[in-house]
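One letter stands for each residue in the lines below.
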Amino acid sequence: MLNRARLTLAIAILALAAVIGSVAVVGADSDGNSYLEPPRTLSVNGDGAASAAPDIVDIQLGVETIDEDPKAAIDDNTASMTSVIEALTELDIAEDDIQTRSFNMWVEQIYDEDGPTGRFLYHVVNQISVRVRDIDQTGDVLGAALAAGANTVRGISFGVEDTQALEEAARDAAVDNAIAKAEQLAERLGVAVGSPRHIAEITGGFPEAVRVERAMAFDSGGGSVPVSPGDFTVRVSVNITFDIELPYEDGDMEDDDSEES
């Protein structure tokens, strides 16, 4: 009984070795030595993009005050920024959509032709970020903020709040572009594109969002400020490695026919 079990185990080991050998050893050199033949592959990059009209806008604006008295500079700045925020909330901008970005004070020493005068000017700068969820309201928001005391606008950034659909469309376009490139190369080389062996998104796993950026400076005279949102574009790149399928040669076709018969 023990000998029979050992015989069964030996047969199983030999069968496994035969399977492994048939998978790993796929070629032989001129001396008859077997070797592992690397897979024939074709690697291409594909690029895709998808655009949509923006549905949000982020505005960076602020108040800068200057005074020889640091306390007066801070008090004036606080009063002006309070007026700006009140003007924004009157336009139904939510408090959660108004965020302080920075608050800085710096000192400017006054010089004349003889050198330092001993006088100093204190600059106080308070910057906030405002998210506007109604694009049509952007000009009114800017006009109201400037009229209320804002005197700096660092930039306006238009975007799309939910980018998932754009990312998926851009990714589909990138894959289609990669397949088209692979098929063109394969046709030129006289081979066929096989199954994908490796797929990777090569933009670090994140779509590239191209936003419309504009640095602006306005007079705080009130009224609506004209703006143009443009488009919001998401770009995705992928790398795909395909197997290459070689065409049958005449000899191979005859061998296959003989095996079938």
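Going by the structure above, here's the rest.
Bear in mind that the values here come from a model prediction, so they are computed numbers and not experimental data.

Student: Outline unusual backbone geometry, listing residues and values.
Tutor: In this structure, Asp-92 takes a positive phi of about 70° despite not being glycine. Within the secondary structure, Asp-92 is located in the loop between α2 (70–90) and β5 (98–112). Judged by relative accessible area, which is 71%, Asp-92 ranks as exposed.

Student: Quick rundown of a nonpolar patch on the surface? Include the residues and the values.
Tutor: On the surface, Ile-74, Phe-103 and Met-105 cluster together into a nonpolar patch covering about 250 Å² of accessible area. Judged by relative accessible area, which is 45%, Phe-103 ranks as partly exposed.

Student: Describe the environment of Tyr-111, listing the residues and the values that go with them.
Tutor: Mapped onto the secondary structure, Tyr-111 falls in strand β5. The contact partners of Tyr-111, leaving out residues within four places of it in the chain, are Pro-116 and Thr-117. Within the local environment of Tyr-111, its side chain forms a polar contact with the side chain of Gln-109, the two groups lying 3.3 Å apart.

Student: Tell me about the side chain of Ser-237, residues and numbers included.
Tutor: Along the chain, Ser-237 turns up in strand β11 (residues 232–245). Taking the relative accessible area as the measure of exposure, Ser-237 reaches 16% and is therefore buried. Of the polar contacts made by the side chain of Ser-237, one reaches the side chain of Asp-47; its length is 2.7 Å.

Student: Explain the packing of α2 against helix α3 (residues 138–148) to me, using residue names and the numbers behind them.
Tutor: Two quantities define a packed helix pair, namely the angle between the helix axes and the distance between the axes. Contact pair α2 / α3: the axes reach a minimum separation of 8 Å and the direction vectors enclose 150°. It follows from the interaxial angle that α2 and α3 lie roughly antiparallel. As α2 packs across α3, the resulting crossing turns out to be right-handed. Mapping the contact onto sequence places Ser-80, Ser-83, Val-84, Ala-87 and Leu-88 in α2 and Val-141, Ala-144, Ala-145 and Ala-148 in α3. Looking at the contact of α2 with α3 residue by residue, the class counts come to seven nonpolar, two polar and no charged.

Student: Could you give an account of the nonpolar core, naming the residues involved and the relevant values?
Tutor: The biggest cluster of nonpolar side chains holds 21 residues, and the ones touching the most others in it are Ile-59, Leu-61, Val-84, Leu-88 and Ile-128. Discounting residues that sit within four places of it in the chain, Leu-88 has contacts with Ile-93, Ile-98, Ile-128, Val-130, Val-141 and Ala-145. With 15 residues, the next largest nonpolar core counts Leu-42, Val-160, Ala-174 and Phe-242 among its residues.

Student: Any details on α3? Residues and values, ideally.
Tutor: If you check which residues of α3 are buried, you get Thr-138, Gly-139, Val-141, Leu-142, Gly-143, Ala-145 and Leu-146. Phi turns positive, to about 135°, at Gly-149, one or two residues after α3.

Student: How would you explain the pairing of β11 if you had to name every residue and give the values?
Tutor: Burial analysis of β11 places 10 of its 14 residues in the buried class, the great majority of the element. Here 12 bridges tie strand β3 (residues 41–52) to β11, and the two strands are oriented antiparallel to one another. Counterpart to Asn-45 in the pairing with β11 is Asn-239. Sheet topology places strand β8 (residues 192–201) next to β11; seven bridges connect them, and they run antiparallel. The residue of β11 that forms the bridge with Glu-201 is Val-238.

Student: Pulling in residues and values, what's your account of helix α4 (residues 164–189)?
Tutor: Taking 1.5 Å of rise per residue, the 26 residues of α4 would be expected to cover 38 Å, and the 38 Å separating its terminal C-alpha atoms lies within 8% of that figure. The complete set of buried residues in α4 reads Leu-166, Glu-167, Ala-170, Ala-174, Ala-178, Ala-182 and Ala-186. On the buried face of α4, the contacting elements are β3, β8 and β11.

Student: Please set out the pattern of salt bridges residue by residue, giving values where relevant.
Tutor: Taken as a whole and assessed by the stated rule, the structure comprises seven salt bridges. One salt bridge in this structure joins Glu-201 and Arg-171, with 2.7 Å as the shortest N-O distance. Note that Glu-201 is positioned in strand β8 and Arg-171 in helix α4, a separation of 30 residues in sequence. Accessibility expressed as a relative area gives 26% for Arg-171, which makes it partly exposed. Across the salt bridge formed by Asp-243 and Arg-197, the nearest N and O atoms sit 2.7 Å from each other. Taken together, the residues Asp-243 in strand β11 and Arg-197 in strand β8 connect sequence positions 46 residues apart. Residue Arg-197 is classed as partly exposed on the basis of its relative accessible area of 49%. One network of salt bridges, in which partners are shared, links Asp-97, Arg-133 and Glu-161.

Parameters at a glance
- Residues numbered from 1 in each chain as written.
- Predicted model: local features only at pLDDT ≥ 70, side-chain atom pairs only at ≥ 80, totals over all residues.
- Heavy atoms only, no water.
- Helix = DSSP H or I, 4+ residues; strand = E, 2+ residues; numbered from the N terminus.
- Buried < 20%, exposed > 50% of the residue type's maximum accessible area, 1.4 Å probe, protein only.
- Patch = residues over 30% accessible without salt bridge, like charges linked within 9 Å, V, L, I, M, F, W, Y side chains within 5 Å.
- Areas by Shrake-Rupley, 256 points an atom, 1.4 Å probe, with all protein chains shown as cover.
- Salt bridge = Lys/Arg side-chain N within 4 Å of Asp/Glu carboxyl O.
- Contact = heavy atoms within 4.5 Å.
- Polar contact = N/O pair within 3.5 Å; in protein donor to acceptor, adjacent residues only side chain to side chain.
- Axes fitted to C-alpha atoms, helices over the stretch in contact; angles between N-to-C directions.
- Parallel < 35°, antiparallel > 145°, perpendicular 65-115°, else oblique.
- Left-handed = near helix turned anticlockwise from the far one by under 90°.
- Nonpolar A, V, L, I, M, F, W, Y, C, P; charged D, E, K, R; others polar.
- Core = buried A, V, L, I, M, F, W, Y, C linked by side-chain atoms within 4.5 Å.
- Pairing = 2+ DSSP bridges.
- Expected span 1.5 Å × (residues − 1).

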